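Chain by chain, the residues run as shown.
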There are 2 protein chains.
Amino acid sequence: MSWIEEKGPDRDVVLSSRIRLARNIAGYPFPTMMKDSDAREILDTVKRCFSVSTPFSGRRYSVTLIKDLPEVDRQVLVEKHLASIDLMQHSDVAALIMDDRQRVTIMVNEEDHIRMQCILPGFQLDKAWEMLDRVDDTIEAEVEYSFDDRLGYLTACPTNVGTGLRASVMMHLPALTVSKQIGAVLQTISKIGLTARGLYGEGSEALGNIYQISNQITLGPSEQDIINNLTVACQRIFEKERMAQQAMLKVSGKQFEDVLWRALGTLTHARVMDIKEFMALISQLRLGVGLSIIPGLTAENVNELMILGQSGVLGKRAGRELDDADLNAYRAETIRSRLNEMLQA
Amino acid sequence: MSWIEEKGPDRDVVLSSRIRLARNIAGYPFPTMMKDSDAREILDTVKRCFSVSTPFSGRRYSVTLIKDLPEVDRQVLVEKHLASIDLMQHSDVAALIMDDRQRVTIMVNEEDHIRMQCILPGFQLDKAWEMLDRVDDTIEAEVEYSFDDRLGYLTACPTNVGTGLRASVMMHLPALTVSKQIGAVLQTISKIGLTARGLYGEGSEALGNIYQISNQITLGPSEQDIINNLTVACQRIFEKERMAQQAMLKVSGKQFEDVLWRALGTLTHARVMDIKEFMALISQLRLGVGLSIIPGLTAENVNELMILGQSGVLGKRAGRELDDADLNAYRAETIRSRLNEMLQA
């Protein structure tokens with residue numbers, strides 16, 4: 001079980017809530033400047049924090065060296081939002097510590113010595129922050145963080161200095177996108193220190209009408225202020241999206257339902273499907289399920305399908321190298337078969 | 001049972017074979033010039049031929065006055081290719097005589113006094129001619145036809161003079177259409193006295209990639225020559241179409257199958273569908289069934305669906321007036337439900 005399969009609040013609009021903290025250990029240079037021996041010492045130090053009893057008693061943490069991971073497994077971690085692309089680029093010295101529910105992950109020797117995140121299903125920033133704060137305390141009990149009384153936590157990139165906190169909410173905004181209201185929404189949030197990215201971070205397209213809204217500013221406001229600011233903005237966006245969905249349903253009715261049903265028809269019948277089309281269809285399916293137009297499926301089913309259709313997850317599942325044509329055929333086959341299982345369940 | 005549900009030879013390419021004879025009764029003006037009393041006498045005369053025993057003993061013939069038929073029933077007869085639009089335009093005096101298997105229909109007081117046709121499933125022009133020839137003999141035993149020793153049978157329009165025979169084959173040519181070879185094919189047949197029309201006769205589009213190929217010339221060659229000429233030309237077209245289908249399958253493979261499967265997906269899921277899209281999807285479904293790519297359906301199933309999706313048939317089934325939006329929603333619903341029944345059978 002991970003955020004992908006678990007139910008969360010506001011699941012009609014929100015896929016996940018995530019808090020990330022950037023931390024560095026005092027006495028060592030930042031990763032760009034450090035020696036391999038520094039990296040090894042840092043990893044040993046962090047690992048030690050998780051070998052003793054933690055506030056999450058009963059949870060087991062696994063430690064994985066990225067260099068031991070096949071390429072396809074690295075891609076799967078990124079596609080599941082459990083690790084960053086950056087971590088994979090530091091593969092020679094980087095490691096990933098993860099709890100068995102895949103909620104808390106600690107990336108070691110990424111851009112900073114420590115990047116820890118908590119990801120939860122649906123809209124629950126507060127809970128994610130509460131969990132991650134305890135993880136942070138656990139580590140801080142064992143190591144001394146690089147901290148400046150005036151600036152706060154020091155980080156490799158100045159955009160993270162201060163709290164080192166990035167809170168982000170992954171949401172599905174099809175109606176705002178189709179009705180072209182999304183531009184105004186994104187403009188508004190940028191004025192209050194928030195920013196929007198696509199499904200896979202900076203510079204990625206809003207594939208499947210999925211947006212990640214997060215705080216831009218880490219220095220100045222407190223952690224709780226950052227989270228509160230984001231929470232209020234997100235709630236406004238959810239309401240706007242829900243209103244836009246109802247408006248589409250009211251104005252277009254049958255035509256609107258038709259589009260959503262056809263998406264299901266294509267997902268259950270196509271023999272070839274590229275990622276772009278797949279994400280567009282998944283968006284329509286998610287909308288159909290959210291509006292109870294398409295019965296027999298849940299938001300979690302749609303999440304599972306979305307992740308299942310990603311290239312790395314498919315490659316891992318196939319257990320062999322897939323070229324583009326193979327991949328598109330395998331995606332269609334895998335999604336079709338899993339979706340039919342879900343519909344018959 | 002009619003040609004729509006029965007199996008016929010070459011059913012992968014041919015929907016139906018049809019022979020039509022135009023005849024007029026000596027001593028009466030052609031329908032454009034005749035009085036209502038003439039029309040009544042002609043109908044009585046023709047009816048008499050079918051009230052005595054006929055060469056089709058055991059078959060029951062029904063006689064219907066077009067003026068007694070609701071508009072929607074008239075449209076259904078046209079959509080099933082059992083009567084002409086022209087017959088409906090002479091509705092004040094016209095009648096339709098039909099056998100209970102809907103193979104032989106005799107239109108009375110259409111453009112000519114008598115237009116009889118035999119329509120059979122698949123490619124069987126010879127059998128259709130043989131059956132219709134006997135019907136013609138039956139009538140001729142009772143009435144005197146307008147006949148000129150030099151010209152042959154006289155008809156209201158000079159394009160039918162001579163044999164009064166129109167043989168036509170309704171075929172599905174998706175691969176020749178998509179690969180744009182159809183232009184050359186149609187050019188060739190026009191050089192040997194044949195002509196091509198769409199699904200519903202002259203001037204109608206080749207909706208659903210369906211073409212009716214028929215003889216242009218009725219004067220000069222014998223009935224058997226006309227039929228032989230058309231038979232040879234059709235066989236060449238079938239071979240070309242089959243080769244084009246195999247070529248598409250070989251070149252495009254998975255992509256090609258994908259298109260056909262998606263058609264099934266859309267037909268089983270859409271909530272709104274206009275006639276043009278419907279016919280295009282039916283064409284793809286027919287191709288998928290013909291090439292055994294889509295299992296669980298027969299060519300006859302596809303015929304049934306094609307007729308079921310026509311506007312008049314839908315209106316008749318709904319039992320109420322349907323506006324365009326209603327019609328497109330009702331078409332999607334009806335096709336979806338019948339197609340699912342077929343797939344589960």
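The residue count restarts for each chain, going from 1 along the sequence in the order it is written. Chains carry letters and ligands carry numbers; both start at the beginning, A for chains and 1 for ligands, and go up in the order they are written. Residues qualify for local features only when their pLDDT is at least 70, as the model is predicted, and side-chain atom pairs are given and counted only at 80 or more; totals for whole chains, interfaces and linings, by contrast, use all residues. Hydrogens and water molecules were not included; the side-chain quantities draw on all heavy atoms of the structure.

Numbering of helices and strands starts at the N terminus; helices are DSSP runs of H or I of at least 4 residues and strands are runs of E of at least 2. The secondary structure content of chain A amounts to 12 helices and 10 strands. In this description the radius of gyration comes from C-alpha coordinates, and the expected globular size is given by 2.2 Å times residues to the power 0.38. Its C-alpha atoms give chain A a radius of gyration of 21 Å, within 12% of the compact-globule value 20 Å for 345 residues. Taken along the three principal axes of its C-alpha coordinates, chain A extends 65 × 45 × 35 Å. Under the scheme applied here, a residue whose accessible area is under 20% of the maximum for its type counts as buried, over 50% as exposed, and between as partly exposed, the area being computed with a 1.4 Å probe on protein chains only. When the 345 residues of chain A are sorted by exposure, 56% land in the buried category. Contacts: residue pairs with any heavy atoms within 4.5 Å of one another. For chain A, the share of sequence-separated contacts (at least 6 apart) that also reach a separation of at least 24 residues comes to 70%. Carbon and sulfur atoms form 49% of the exposed surface of chain A, whose accessible area is close to 14,900 Å². For accessible areas, the Shrake-Rupley method is used with a probe of radius 1.4 Å. Any residue's cover is judged against the shown protein chains and nothing else.

Below, the discussion takes up the relation of the copies chain B and chain A. Our superposition of the copies is a least-squares fit, built on the C-alpha atoms of residues whose pLDDT is at least 70 in both. Placing chain B over chain A gives an RMSD of 0.0 Å and needs a rotation angle of 180°, together with 0.0 Å of translation along the axis. Both chain copies can therefore be described as sitting about a two-fold axis. Among all residues of chain B, the one whose C-alpha sits closest to the rotation axis is Gly265 of chain B, at a distance of 2.1 Å. Of all interface residues in chain B, 100% are interface residues in chain A too; the two copies therefore contact each other through one and the same surface.

A residue's pLDDT is the predictor's confidence in that residue, given on a scale from 0 to 100. Here chain A averages 91 in pLDDT, while 96% of its residues score no lower than 70. The ipTM, which scores confidence in the relative placement of chains, is 0.85 for this predicted complex, and the corresponding pTM is 0.87.

With that out of the way, let us pick up the sheet that holds strand β10 (residues 210-215) of chain B. Residues and elements named next belong to chain B. Spatially, 8 strands are ordered β2-β3-β4-β5-β1-β8-β10-β9 in an open sheet, and the strand pairing comes out antiparallel. In this open sheet, the two edge strands, each paired with only one partner strand, are β2 (61-65) and β9 (194-197). Going from strand to strand, the sheet's axes swing by 20° on average, the running direction of each strand aside. Only the stretch in contact is used when fitting a helix axis, every axis being a line fitted to C-alpha atoms; angles between N-to-C directions are given from 0 to 180 degrees. Here helix α6 (residues 182-191) sits on the sheet and contacts β9 and β10; the angle it forms with β9, its principal contact strand, is near 140°. Across the sheet, helix α7 (residues 223-252) touches β1 (14-23), β8 (165-172), β9 and β10, and the angle it forms with β8 is around 10°. By the convention used here, strands pair only if DSSP detects at least 2 bridges between them.

Residue and element names in this part refer to chain A. Note on placement: Asn215 falls in strand β10 (residues 210-215). Exposure remark for Asn215: the relative accessible area of 3% places this residue in the buried category. Whenever two N or O atoms come within 3.5 Å, that pair is a polar contact, provided that in protein one can donate a hydrogen and the other can accept it, and provided that, for residues adjacent in sequence, both atoms are side-chain atoms. A polar contact is formed between the side chain of Asn215 and the backbone nitrogen of Ala167, at a distance of 2.8 Å. Discounting residues that sit within four places of it in the chain, Asn215 has contacts with Leu165, Arg166, Ala167, Gly193, Leu194 and Ile226.

Right, let's talk about the pattern of salt bridges for a bit. Residues and elements named next belong to chain A. Note on definitions: salt bridges are taken to be side-chain nitrogens of Lys or Arg within 4 Å of carboxyl oxygens of Asp or Glu. Across all of its chains, the model carries 32 salt bridges over all chains by this definition. The partner of Asp73 in a salt bridge is Lys316, with the nearest N and O atoms 2.7 Å apart. Placement of Asp73 in helix α2 (residues 71-79) and of Lys316 in helix α11 (residues 311-318) is noted, with a sequence separation of 243 residues between them. Arg338 serves as the salt-bridge partner of Glu304, at 2.6 Å between the closest nitrogen and oxygen. Residue Glu304 is found in helix α10 (residues 299-308), and its partner Arg338 is found in helix α12 (residues 324-344); the two are separated by 34 residues along the sequence. When salt bridges that share partners are traced, they join Asp10, Asp12, Glu239 and Arg242 into one network.

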